[in-house]
Amino acid sequence: MTGWRGWAGALLGVAATTVLFALFAELRPGFVWLGAVAMAPWLAAVDRAPSARRALALGTLLSVTFTALVFGWFPGAIAAYSHAPAWLCWGVFLLIAPVLELQFLTASWIRWYARRKVGTDSRLAWVPPVLTALVYVGTEWFTPKLFAETLGHGLYASEVLRQGADVAGAPGLTLGLLLVNECFVAVGQGVVARRGLRPVPLVLALVLALVGLGYGAVRLGQVRAAVRSAPALVVGAVQANITNIEKRAAEEGTYEVVRDILDTHYAMSDALLRSGPLDLLVWPETVYPTTFGTPKSEDGGALDEEIRAWVAERGVPLVFGTYDLDGEREFNAAMFLGPSATGELAQAAYRKTMLFPLTEWVPDAVDSPALRAWMPWTGRWKRGPGPRLVDFRLNGGRVLKVAPLICYEALFPNYVAAEVRQGAELLLTLSNDSWFSGTPAPRLHLMHAAFRSIETRTAQVRVTNSGVSAFIDPAGTWTSEMQDNQRSSVVMRVPAAERLHSLAGAWGDWLGPVALVLSVGLGVWLRRRG
C-alpha cells in the first residue's frame, strides 16, 4: 500500500500500539488482556510496508513514541538532577530512543525481509511471525536499555501469569505475548482479506493462554504450600522521606544535614524497637551520605563511632546505605553492622557494581576533565567487584546469607541469580528513588524487584528513602508497603519457606541469547533457501 493512505494506515497502527503499550504499562489487573493485542496494530502496519525503508521507519517511529509516552517522566527527572534545560533532556532522550528500543527496528526489518522471502508459500507462513518474535527477544537481550523493560513486565498485574517468569524471566513472558499477538494479526488479516475466520491461529492463541495460566496456577500453589506461617525473620524498615540532601547540605551545611538524618532514623528505629523485638534493622541507600569507617574529618569519625555505639546499645544488627572508601576509589555501599563470633561489633561492606550511567559512574575510557566541566553532575563512584553474598550474623549466633542489591542492580536478572546461586536466603534491596518521586518510576522499580523474587523464588526486603518500600514474597506479591513520598516505618515479617528451584534462578536470563542464536539460524536457512 503506497501513497498518503498507506502512510495514514501505518501511522494509525503505530499510534494504536503506543496507546495500548501505555495502558498495559500501568500494571492494572483490568488491562492485562491488552498485552495480547498491543503489538498487533503495529505488526499489521509493518506487514503492509512496501519497502524495507518503510518498515524501518515504522520501527523507528514506534521506538520514539513508545519512549515518549511510557517513559515521559524521565527527561523531567534528569533535568531536575542535572539542572539542564528540559528541552535538551527531551531532545537527547528521543534522539537515542531508537538505540534504547532497538528491538522495534530489528523486528520490523526482519519481518519485512522474511515476508519477502516467503512470499505466497503458505507452508512457510509461520516463519515471519516466529522470526520476528525471536529477533525481538534476542535484540532486547543485547540492547543497552536504561530501564531493562520488556513487554512481559506488564503481566505482573496477573498473579497467576507472572509466575511463568521463573522459567525464562520476563523475556519468556514477552515471547509468549508476541506469539499471541501474531495469532490475532493472522486472524485480523484473514477477516480483512475476506477469507473468513481462521481457526488455527485462534486455537493456538487459546493454547498459549491456557499453558500460561495452567503453569502459573500450579507454581503459585507450590509457592504458597512452601511458605510457612511462622516468621523466620523480623525486620524493621525505616523510610524517613528525607530528600534533596545535596541542596540542603549546600544551604545548611553537611554536618547539620547528616545530624538531622541520623537523629530521624534513630528516633524512627527506636519506635520500632519499642513495638517488639527485631532480628534486623534496615535503612535505605546512601542514608549516611559520607564514607563510613574511613572518615574524611573529625566530625565524620565521631559520627561513625556514634552509629556503632547506637547499634551496640540497642543490640540489634543494622544494614544501611553509605559510601565506602578504598584509597582514592569511592563506592556506593551497603554497610552491615552486627555481632561477631566473639561478641564484638563486626562490620562488613557490600559495594554496588551496576551503576546508572553518567549520574553514578563514568567509564574510565571517556572520563576526562573536559567531560566533568561540561557535565559537573556526573558521578564519581567506582564499580564494585560483582555479585557477592554477605554472611551476616544475627543475635543468637544465627548466620543469615544475604544477597544485597543497591537500587539499579535490581533490574538485572543475571546479577541477582548469581547471588542466589551462592546460597542466598534473602534478597535485601536498598534504594533511593527520590529523584523520581511523584512519577510512575518508584512503582515500576518495585515491579522489577518483584520479578527478581519470582525468578529466583526468594523473599525480598526492599527499603527506600522515599518509597516504595515493601516486603516481596517468592510469588512476587508485595506487602508491608510504604507509599511514595511518605515518612513511615514498618515491621516486615519474613516467613520461613522451603527452597523452590527454578530455571530462571539457575540459568539467569538465558532466553535472550538462545533466541538470538535461533533467529540467526532461521534467518540463514531462509536466505539459503531463497
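First things first, this report covers the structure right here in the doc. All residue numbers here refer to positions counted from 1 along the written sequence of the relevant chain. The model is predicted, so local features are restricted to residues of pLDDT at least 70 and side-chain atom pairs to those at 80 or more, both for listing and for counting; the totals for chains, interfaces and linings are taken over all residues. The side-chain numbers reported here are obtained from all heavy atoms of the structure, hydrogens and water having been left aside.

**Concerning the overall build of the protein chain**
Then, number 1: Of regular secondary structure, the protein chain possesses 18 helices and 12 strands.
Then, number 2: Expressed as lengths along the three principal axes of its C-alpha atoms, the size of the protein chain is roughly 80 × 55 × 40 Å.
Then, number 3: Counting across all 530 residues of the protein chain, residues that qualify as buried make up 54%.
Then, number 4: We call two residues in contact whenever any of their non-hydrogen atoms come within 4.5 Å of each other. Pairs at least 24 residues apart make up 71% of the contacts formed inside the protein chain by residues separated by at least 6 positions. Note on conventions: DSSP H or I runs of at least 4 residues are helices, E runs of at least 2 residues are strands, and numbering of each starts at the N terminus. Buried, partly exposed and exposed residues are distinguished by accessible area as a fraction of the type maximum, computed with a 1.4 Å probe on protein chains only: under 20%, between the cut-offs, and over 50%, respectively.

**A word on the sheet that holds strand β7 (residues 399-406)**
Two pairing modes exist for strands in a sheet, parallel and antiparallel, and in both the strands are linked by backbone hydrogen bonds.
Then, number 1: Ordered by their spatial adjacency, six strands build an open sheet running β6-β7-β8-β9-β10-β11, and the pairing between neighbours is mixed. The sheet terminates laterally at β6 (390-393) and β11 (478-482), the two strands that pair on one side only. Strand after strand, the sheet turns through a mean of 25° between neighbouring axes, direction not considered.
Then, number 2: With three bridges joining them, strand β9 (residues 460-464) and strand β10 (residues 469-472) adopt antiparallel strand pairing. Directly across from Arg 462, in β10, lies its bridge partner Ala 470. Criterion used throughout: strands pair if DSSP finds at least two bridges between them. In this analysis an axis means a line fitted to C-alpha atoms, helices contributing only their contacting stretch, and an angle means the value between N-to-C directions, from 0 to 180 degrees.

**Structural notes on the sheet that holds strand β3 (residues 318-326)**
Then, number 1: Taken in spatial order, the six strands line up as β5-β4-β3-β2-β1-β12 in an open sheet, and their pairing is mixed. Every other strand in the sheet has two partners, leaving β5 (345-351) and β12 (488-497) as the edge strands with one partner each. Between one strand axis and the next, the sheet turns through 40° on average, direction left out of account.
Then, number 2: Across nine bridges, β3 lies against strand β4 (residues 329-339) in antiparallel orientation. When the bridges of β4 are listed, Tyr 323 appears paired with Asn 332.
Then, number 3: Seen against the sheet, helix α10 (residues 199-226) touches β1 (227-239) and β12 and runs at an angle of roughly 85° to β1.

**Quick look at the nonpolar core**
Then, number 1: To define a nonpolar core, start from buried Ala, Val, Leu, Ile, Met, Phe, Trp, Tyr and Cys residues and group those joined through side-chain atoms within 4.5 Å. Counting residues in hydrophobic clusters, the biggest one holds 80 residues, and the most contacted among them are Phe 21, Met 39, Trp 42, Phe 74, Phe 104, Phe 451 and Trp 478.
Then, number 2: Setting aside chain neighbours within four positions, we find Phe 74 in contact with Phe 93, Leu 146, Phe 147, Phe 356 and Phe 436.
Then, number 3: Counting residues in each nonpolar core, the second largest holds 36 residues, with Ala 237, Leu 428, Val 461 and Val 494 among its members.

**A word on the pairing of β10**
Then, number 1: Side chains of β10 alternate between two faces, with Ser 469 and Phe 471 and Ala 470 and Ile 472 buried alike.
Then, number 2: Remark: four residues form the turn of the hairpin made by β9 and β10, two consecutive strands paired antiparallel; Gly 467 in that turn has positive phi of roughly 110°.
Then, number 3: Note that β10 and β11 share three bridges and pair antiparallel. Considered in β11, the bridge of Phe 471 is made with Thr 479.
Then, number 4: Turn length for the β10-β11 hairpin, with the two strands adjacent in sequence and antiparallel, is five residues, and the turn residue Gly 476 shows positive phi of about 85°.

**Examining helix α13 (residues 298-314)**
Then, number 1: Helix length check: α13, at 17 residues, gives a terminal C-alpha distance of 24 Å against a target of 24 Å (1.5 Å per residue), a fit within 8%.
Then, number 2: When we look at burial in α13, the residues that qualify are Gly 300, Gly 301, Leu 303, Asp 304, Ile 307, Arg 308, Trp 310 and Val 311.
Then, number 3: Looking at the buried residues of α13, the elements they touch are α12 (254-275), β2 (280-282), β3, β4 and β5.
Then, number 4: Positive backbone phi, approximately 70°, marks Gly 315, located one or two places after α13. Here, expected helix span is obtained from the residue count minus one, scaled by 1.5 Å.

**Topic: the environment of Tyr 415**
Then, number 1: Along the chain, the position of Tyr 415 falls in helix α15 (residues 413-421).
Then, number 2: Tyr 415 sits in the buried class, given a relative accessible area of 6%.
Then, number 3: Not counting residues up to four positions away in its chain, the partners in contact with Tyr 415 are Tyr 350, Thr 353, Met 354, Gly 386, Pro 387, Leu 405 and Glu 409.
Then, number 4: Within the structure, Tyr 415 has its side chain in polar contact with the side chain of Glu 409 (distance 3.3 Å). Each polar contact in these results corresponds to two N or O atoms within 3.5 Å; when the atoms are within protein, one needs to be able to donate a hydrogen and the other to accept it, and residues that are neighboring in sequence are counted only if both atoms are side-chain atoms.

**What to know about the state of the cysteines**
Then, number 1: When the sulfur atoms of two cysteines come within 2.5 Å, that pair is taken as a disulfide. Under the criterion given, the structure shown has zero disulfides.
Then, number 2: Here Cys 89 stays free of any disulfide, with the sulfur of Cys 407 as its closest cysteine sulfur at 19 Å.

**What about the side chain of Ser 519?**
Then, number 1: Examined against the element boundaries, Ser 519 turns out to sit in helix α18 (residues 511-529).
Then, number 2: Setting aside residues no more than four positions away along its own chain, Ser 519 makes contact with Leu 131, Leu 134 and Val 135.

**Some remarks on the pattern of salt bridges**
Then, number 1: A pair is scored as a salt bridge if a Lys or Arg side-chain nitrogen falls within 4 Å of a carboxyl oxygen belonging to Asp or Glu. Applying the stated criterion across every chain, the model contains 31 salt bridges.
Then, number 2: In this structure, Asp 260 and Arg 248 form a salt bridge, with 3.2 Å as the shortest nitrogen-oxygen distance. Of this pair, Asp 260 sits in helix α12 while Arg 248 sits in helix α11 (residues 245-252); the two residues are 12 residues apart in sequence, bridging distant segments of the chain.
Then, number 3: One salt bridge in this structure joins Glu 306 and Arg 259, with 2.4 Å as the shortest N-O distance. Taken together, the residues Glu 306 in helix α13 and Arg 259 in helix α12 connect sequence positions 47 residues apart.
Then, number 4: Overall, Glu 306 belongs to the partly exposed group, its relative accessible area being 26%.
Then, number 5: Three or more residues joined by partner-sharing salt bridges are found here, namely Asp 47, Arg 111, Arg 115 and Glu 182.

**Some thoughts on the packing of α12 against α13**
Then, number 1: Running from amino to carboxyl end, α12 crosses α13 at an angle of 0°, the nearest separation of the two axes being 12 Å. Taken together, the axes of α12 and α13 are roughly parallel relative to one another. Residues Tyr 255, Val 258, Arg 259, Leu 262, Tyr 266, Ser 269, Asp 270 and Leu 273 of α12 form the contact with α13, whose own contacting residues are Asp 299, Leu 303, Glu 306, Ile 307, Trp 310 and Arg 314.
Then, number 2: When residues are sorted by character, Ala, Val, Leu, Ile, Met, Phe, Trp, Tyr, Cys and Pro go into the nonpolar class, Asp, Glu, Lys and Arg into the charged class, and all the rest, Gly among them, into the polar class. Within the contact of α12 with α13, the residues separate by chemical class into eight nonpolar, one polar and five charged. Our angle categories are set so that under 35 degrees counts as roughly parallel, over 145 as roughly antiparallel, 65 to 115 as roughly perpendicular, and the remainder as oblique.

**Quick notes on the environment of Ala 334**
Then, number 1: Within the secondary structure, Ala 334 is located in strand β4.
Then, number 2: Since its relative accessible area comes to 2%, Ala 334 is described here as buried.
Then, number 3: Separated by 204 residues in sequence, Ala 334 and Val 130 place their C-alpha atoms 44 Å apart.

**What about the packing of helix α3 (residues 52-70) against helix α7 (residues 102-118)?**
Then, number 1: Following both chains from N to C, one finds α3 and α7 inclined at 155°, their axes separated by 8 Å at the closest point. Accordingly, the angle class assigned to the pair α3 and α7 is roughly antiparallel. As for how α3 packs across α7, the hand of that crossing is right-handed. Residue-level inspection shows Ala 52, Ala 55, Leu 56, Gly 59, Thr 60, Leu 62, Ser 63 and Phe 66 of α3 in contact with α7, the latter providing Phe 104, Leu 105, Ser 108, Trp 109 and Trp 112.
Then, number 2: Split into classes, the residues belonging to the contact of α3 with α7 amount to nine nonpolar, four polar and no charged. A crossing counts as left-handed when the near helix is turned anticlockwise from the far one by less than a right angle, and as right-handed when that turn is clockwise.

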